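Report on the structure
Here is how the chains run, residue by residue.
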Amino acid sequence: NGVIESPMDRLNIVDDLFAMVITGKSATSYWLKLVLSLKDETSYIVWTNICHNLKSLYNLLHGRACISNLQQYIKDLTSKIRDQVDWNMTNYDHLTSMLREEILCLLGYKANDEATLKEAGWRFDLHIAGTQILSPDLRVPVYECVASTGDMKTFDALIQLYMDSDSSEEKERILRRGLGAFSNKDVLRKVLEFSLSDKVRSQDTVFIFQSVARNPIGRELAWDYFKENFSTLTGRYGS
């Protein structure tokens, strides 16, 4: 009947074709058409691969006129799965929780989906006010979404959450994902400065650099800051 029953087989097909795209042996449009045929997909392992590859495309295309087309494509592709893993779902297993995180991050941080960003902002405000504490599995998408549209006030709020937390897991969420997601270069510069402060363990500084460098807006900024502070970094970590 033409249906590929195994999620692992679907994963392999999607991943193999994307590898061909990366090596120039297939057109990106072929991969996008294939993935669009998987709008009914529910498997975490398939979706996480799709999300990873779409983020790679986003980073490559950022700053070009076609980026808005990719963002709309993401919204169309996720039109069904987003209703299955929405903000308020209950009675879900661990894989479904991770799937929700992937979809919300893709929609908000990369696709700039207005509804997702608005919901994330509302939940973040309640969280920092102590009115409605975010469940741990929603914090990464919320932090990335609010940072992507945020300013220095958002930066200060994330730093305060970092300072107030006794949880190493929570601190890593903020360092690895939240702080690097800003779209404002001035704020990203403050993020990099914070990474070398005495508020961050030396072994965690690299996570902030990686997070900023993964952001297409912060890629060159991270490299320039690395060069500016090369002597400090080599003194701290050695050659």
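Look above for the structure.
These remarks concern the structure in this document.

Rules behind the numbers
Residues numbered from 1 in each chain as written. Predicted model: local features only at pLDDT ≥ 70, side-chain atom pairs only at ≥ 80, totals over all residues. Heavy atoms only, no water. Helix = DSSP H or I, 4+ residues; strand = E, 2+ residues; numbered from the N terminus. Buried < 20%, exposed > 50% of the residue type's maximum accessible area, 1.4 Å probe, protein only. Contact = heavy atoms within 4.5 Å. Phe/Tyr/Trp six-rings, centres within 6.5 Å; stacked < 30°, edge-to-face > 60°. Lys NZ or Arg CZ within 6 Å of the ring centre and 35° of its normal. Expected span 1.5 Å × (residues − 1). Polar contact = N/O pair within 3.5 Å; in protein donor to acceptor, adjacent residues only side chain to side chain. Core = buried A, V, L, I, M, F, W, Y, C linked by side-chain atoms within 4.5 Å.

1. A look at the side chain of T205
Take T205: it is sitting in helix α12 (residues 202-214). The exposure class assigned to T205 is buried, which follows from its relative accessible area of 1%. The contacts of T205, once residues within four sequence positions are left out, are S195, L196, V200, R236 and Y237.

2. With respect to the side chain of S211
Among the secondary structure elements, S211 is positioned in helix α12. Those residues in contact with S211 that lie beyond four places of it in its chain are L175, R176, R177, L179 and G180.

3. What to know about the packing of aromatic side chains
With the rule as written, the count across this model stands at 7 aromatic pairs. Ring centres of F155 and F182 lie 6.5 Å apart, and the angle between their planes is 65°; this geometry places the pair in the edge-to-face category. Of this pair, F155 sits in helix α9 (residues 152-164) while F182 sits in the loop between α10 (168-178) and α11 (185-195), and the two are 27 residues apart along the sequence. Here F155 and F182 have matching classes, each one buried. Chaining the aromatic ring pairs together yields one cluster made of W223, F226 and F230. Here the guanidinium or amino end of R100 rests over the ring plane of Y92, the centre of that ring lying 4.9 Å away.

4. Side note on helix α3 (residues 44-61)
The first and last C-alpha atoms of α3 sit 25 Å apart over 18 residues, in line with the 26 Å expected at 1.5 Å per residue. Along α3, the residues classified as buried are Y44, V46, W47, N49, I50, C51, N53, L54, K55, L57 and Y58. Along its buried surface, α3 packs onto α1 (7-22), α2 (28-36), α4 (67-77), α5 (81-84), α6 (94-110) and α10. Measuring from the backbone nitrogen of I45 back to the side-chain oxygen at the start of α3 gives 3.4 Å, which picks out S43 as the cap. Directly after α3, the chain includes G63, whose backbone phi takes a positive value near 95°.

5. Description of the nonpolar core
L158, L179, F182 and F194 are the most contacted members of the largest nonpolar core, which has 39 residues in total. Those elements that provide at least two residues to this core are α6, α7 (114-129), α8 (136-148), α9, α10, α11, α12 and α13 (219-228). If sequence neighbours within four positions are ignored, L179 has contacts with F155, L158, I159, I174, L188, V191, F194 and S211. With 29 residues, the next largest nonpolar core counts F18, L57, Y73 and A111 among its residues.

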